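# Residue-level structure breakdown
Spelled out, the chains give:
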Amino acid sequence: DCPESDGTNCKISYYDVTNGDLKFRDCDNATCLQGTTTTVDSTNDVGQYTSVDCTSPSTCMISYYDATAGNLNLRVAQCADATCSTVTLSTVDSIGNVGQWTSINCTATTDCQVAYYDVTNTALKFVRCLDGGDAGDEPCNAASERTISTPDNAAAVGQYAAIMRHAACFTSGADCKISYYDATNVELKFFDCDNANCSAGTATVADTGGDLNNNVGQYTSVYCLTATDCRISYYLPDATLQDLKFAECINALCDGPNVNSPDTTGDVGQYTSIYCPAANDCKISYYDVTNGDLKF
């Protein structure tokens, strides 16, 4: 996440495989060749499936998965300075095996939303944290400080969850959008939240492959310009085609979007990330498996 418009103060959360740690990079310039690297959490095996959102250069929230045997929890880190050297850690959801494929969005320093996958129940889950940003407090730790919901538990759904990465979920957090994968029906799904806790809303099939040999919706990323104009990048891992896919939602529910295949050369489209500075100007970064390259 880059909280300043000049691109010189980007923040990156990531997983240290060697040490099993959650790490954080505070960039000092636009190329991120200069900056500060901090180990945010080193307790056992933590940091997979991480996502970061910053409401200011010194206030970031990080969601991630605790893969430690016996834990398997969703965790959140609250940074109290620009390098995340001062941080408060908390376990947000520990019921079963939860917290893979996290995606975080903060509408304010005191209001963050996380979409994630519940492995135990094969469901899409959502938590709203109402105190993320209070220095010295454990973010989203007490039951009174969080609201957990299950927006979709129809079949095995919720992998590759991505929550809208706009400046805020629309209507002060009451209209968040989530793209995710339906592993049972091998489809791309989309959830339109009707309230800030995402305890009600509409689940829509945004793109369907039709059968097990035509599989769509992995590695999703979503960006919304308005409440009715969202764009989704994702991967088609079909038996014969492995392509980057793109869906343009034409309504709030993303029901019947315009679907395209921007890149079909080789096996391309894993690990997508999308950003749209304007309606006719979207940017997508993704992985080219065939050549082992980063593509754009």
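What comes next is a walk through the structure.

Each value, and the rule that gives it
- Residues numbered from 1 in each chain as written.
- Predicted model: local features only at pLDDT ≥ 70, side-chain atom pairs only at ≥ 80, totals over all residues.
- Heavy atoms only, no water.
- Disulfide = S-S within 2.5 Å.
- Buried < 20%, exposed > 50% of the residue type's maximum accessible area, 1.4 Å probe, protein only.
- Helix = DSSP H or I, 4+ residues; strand = E, 2+ residues; numbered from the N terminus.
- Lys, Arg positive; Asp, Glu negative; His and termini not counted.
- Salt bridge = Lys/Arg side-chain N within 4 Å of Asp/Glu carboxyl O.
- Polar contact = N/O pair within 3.5 Å; in protein donor to acceptor, adjacent residues only side chain to side chain.
- Core = buried A, V, L, I, M, F, W, Y, C linked by side-chain atoms within 4.5 Å.
- Pairing = 2+ DSSP bridges.
- Axes fitted to C-alpha atoms, helices over the stretch in contact; angles between N-to-C directions.
- Patch = residues over 30% accessible without salt bridge, like charges linked within 9 Å, V, L, I, M, F, W, Y side chains within 5 Å.
- Areas by Shrake-Rupley, 256 points an atom, 1.4 Å probe, with all protein chains shown as cover.

In this section: the state of the cysteines. Counting across every chain of the model gives eight disulfides. Here Cys 193 is linked by a disulfide to Cys 198, with a sulfur-sulfur distance of 2.0 Å. Across the S-S bond of Cys 193 and Cys 198 the torsion is about -65°, and the bridge reads as left-handed. Among the residues examined, Cys 193 registers a relative accessible area of 2% and is labelled buried.

Right, let's get into the side chain of Arg 25. Tracing the backbone through its elements, the reader meets Arg 25 in strand E2 (residues 21-27). Asp 28 is the oppositely charged side chain nearest to the buried, salt-bridge-free Arg 25, at an N-O distance of 6.9 Å. Side chain to side chain, Arg 25 and Thr 37 meet in a polar contact 2.9 Å long.

What follows covers the nonpolar core. Among the nonpolar cores identified, the biggest contains 15 residues, and Phe 190, Val 222, Cys 230, Ile 232, Tyr 234, Cys 249 and Cys 254 are the most heavily contacted of them. Counting residues per element, the ones that place at least two in this core are strand E14 (187-193), strand E16 (218-226) and strand E17 (229-237). In this structure, Met 61, Val 92, Cys 106 and Tyr 116 belong to the second largest nonpolar core, which totals 13 residues.

Next up on the list: the sheet that holds E14. Strand order in the open sheet formed by four strands is E12-E13-E14-E15, with antiparallel pairing between adjacent strands. Here the strands that pair on one side only, and so sit at the sheet edges, are strand E12 (157-163) and strand E15 (201-208). Shown here is a sheet whose adjacent strand axes are inclined to one another by a mean of 30°, direction ignored. In terms of strand pairing, E14 meets E15 through seven bridges, oriented antiparallel. Residue pairing across strands places Phe 190 opposite Thr 204, the latter belonging to E15.

A few words on a nonpolar patch on the surface. A grouping of Tyr 271, Tyr 287 and Val 289 is seen on the molecular surface, where their side chains present a nonpolar patch of about 270 Å² in accessible area. A relative accessible area of 54% means that Tyr 271 is categorised as exposed.

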